[in-house]
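Residue strings, one per chain:
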Amino acid sequence: MRKNIVAGNWKMNKTLCEGKSFIEELKSTLSGKQLRCEVIIGAPFIHLASIAELATDSPIGIAAENCADKAEGAYTGEVSAAMVASTGASYVILGHSERRAYYGETDQILTEKVKLALANGLTPIFCIGEVKEEREAGKHFEVVEQQIAQALFSLSAEDFGKIVLAYEPVWAIGTGLTATSDQAQEIHAHIRSFIANKYGAQIAEDCTILYGGSCNAGNAQELFSRPDVDGGLIGGASLSVEKFLPIIEAF
Ligand code: 13P
């Protein structure tokens, strides 16, 4: 039941033209290959419709990097979950540490976003993770428990079962400092048992938990070999097919 996933998060990179070229290149590179994981690309809103169309009849799924916490209405500049779904995207990255830190996204806002995503048939890829000071103080388990409980534990078991989690220690994002596979395995297993306590062993067992933070061709295989690491959410190394492909092939 548990899926392995390698997902890219382009963040605020690539023009539409560059995004389309990437998808065309990835599609042709993956064609005919036997994949042992799902492949997802998270892209800026304005790219979604075009790249989702290009990705038709390919193994590439498309994710938005955010959606609004309101269903519709007078919210200038926002993009709703229904709009994201209408582009052909199937996933939405929510709760990324950059959105929490720079755009003030609270657990309460994230709960609304998750509910709207699910109501519109999107699969949330929900990010959690501690900052450096919290890791150094030994508070990382507590931090991820709080993030999960506050934003997600009001969901029914059925809805929680639709969510993909991504553990992204903030100190590892874009820094070249990857968590060791022991650190990743330890906290992923902890997250899984925390979920089991709330929703039961089966839902916890079926939950895909990705690792993110300076994951690359050099460390993906080691990370993905651990039993509770079900793939990766990849930033910098998802910006070129050359760097992204070996991560997909690490499974
Ligand atoms: P990097 O892979 O660039 O460290 O980014 C990870 C990330 O934030 C993915 O969401």
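Residues numbered from 1 in each chain as written. Predicted model: local features only at pLDDT ≥ 70, side-chain atom pairs only at ≥ 80, totals over all residues. Heavy atoms only, no water.

Visitor: Sorry if this is basic, but what is going on with the sheet that holds strand 3 (residues 60-64) here?
Guide: Strand pairing within a sheet occurs via backbone hydrogen bonds; the two strands may be parallel or antiparallel. The eight strands are arranged 1-2-3-4-5-6-7-8 in a closed barrel whose pairing can be described as parallel. Strand-to-strand twist across the sheet, computed as the mean angle between neighbouring axes with direction ignored, equals 25°. Sheet analysis places strand 2 (residues 38-43) next to strand 3, joined by five bridges and oriented parallel. Bridge pairing in strand 3 links Ala43 to Ala64. Packing of helix 7 (residues 140-152) onto the sheet brings it into contact with strand 5 (123-128) and strand 6 (164-167), and relative to strand 5 it is tilted by some 145°. (Pairing = 2+ DSSP bridges. Helix = DSSP H or I, 4+ residues; strand = E, 2+ residues; numbered from the N terminus. Axes fitted to C-alpha atoms, helices over the stretch in contact; angles between N-to-C directions. Contact = heavy atoms within 4.5 Å.)

Visitor: What exactly am I supposed to notice about the packing of aromatic side chains here?
Guide: How two aromatic rings sit relative to each other is given by the distance of their centres and the angle of their planes. Evaluated as defined, the whole model comprises nine aromatic pairs. With 6.4 Å between their ring centres and 50° between their planes, Tyr167 and Tyr211 make a pair best called tilted. Here Tyr211 lies in strand 7 (residues 209-212) and Tyr167 lies in strand 6, a separation of 44 residues in the sequence. Of the residues examined, Tyr167 reaches a relative accessible area of 0% and is grouped as buried. A relative accessible area of 0% places Tyr211 in the buried class. (Phe/Tyr/Trp six-rings, centres within 6.5 Å; stacked < 30°, edge-to-face > 60°. Buried < 20%, exposed > 50% of the residue type's maximum accessible area, 1.4 Å probe, protein only.)

Visitor: I'm lost on the packing of helix 5 (residues 107-119) against helix 7 in this one. Help?
Guide: When two helices pack together, their arrangement is given by the angle between the helix axes and by the axis-to-axis distance. The contact between helix 5 and helix 7 brings their axes to 8 Å, and the two run at 55°. Comparing their axes, helix 7 and helix 5 come out oblique. Where helix 5 crosses over helix 7, the handedness of that crossing is right-handed. Residue-level contacts link Asp107, Leu110, Thr111 and Val114 of helix 5 to Gln147, Gln150, Ala151 and Leu152 of helix 7. Residues that form the contact of helix 5 with helix 7 fall into these classes: four nonpolar, three polar and one charged. (Parallel < 35°, antiparallel > 145°, perpendicular 65-115°, else oblique. Left-handed = near helix turned anticlockwise from the far one by under 90°. Nonpolar A, V, L, I, M, F, W, Y, C, P; charged D, E, K, R; others polar.)

Visitor: Would you explain the pairing of strand 2 in this entry?
Guide: Regular strands place their side chains on alternate faces of the sheet. With five of six residues buried, strand 2 is to be regarded as a mostly interior element. In this sheet, strand 2 lies alongside strand 1 (residues 5-9) in parallel orientation, the contact comprising five bridges. Bridge pairing in strand 2 links Ala7 to Ile40. Traced from strand 2 through helix 2 (residues 48-54) to strand 3, the parallel crossover comes out right-handed. (Right-handed = clockwise from strand over helix to strand, strands pointing away.)

Visitor: For this particular structure, what's the right way to read the site of the ligand?
Guide: In the vicinity of the ligand, the residues found are Asn9, Lys11, His96, Glu168, Ala172, Ile173, Gly174, Gly213, Ser214, Leu233, Gly235 and Gly236. In this structure, Glu168 approaches the ligand through a side-chain N or O atom, which is 2.9 Å from an oxygen atom. In the environment of the ligand, an oxygen atom lies 2.6 Å from a nitrogen or oxygen atom belonging to the backbone of Gly174. Taken by itself the ligand offers 300 Å² of open surface, and the protein chains cover 94% of this. Among the residues forming the shell around the ligand, the class breakdown is three nonpolar, seven polar and two charged. (Near = heavy atom within 4 Å. Polar contact = N/O pair within 3.5 Å; in protein donor to acceptor, adjacent residues only side chain to side chain. Areas by Shrake-Rupley, 256 points an atom, 1.4 Å probe, with all protein chains shown as cover.)

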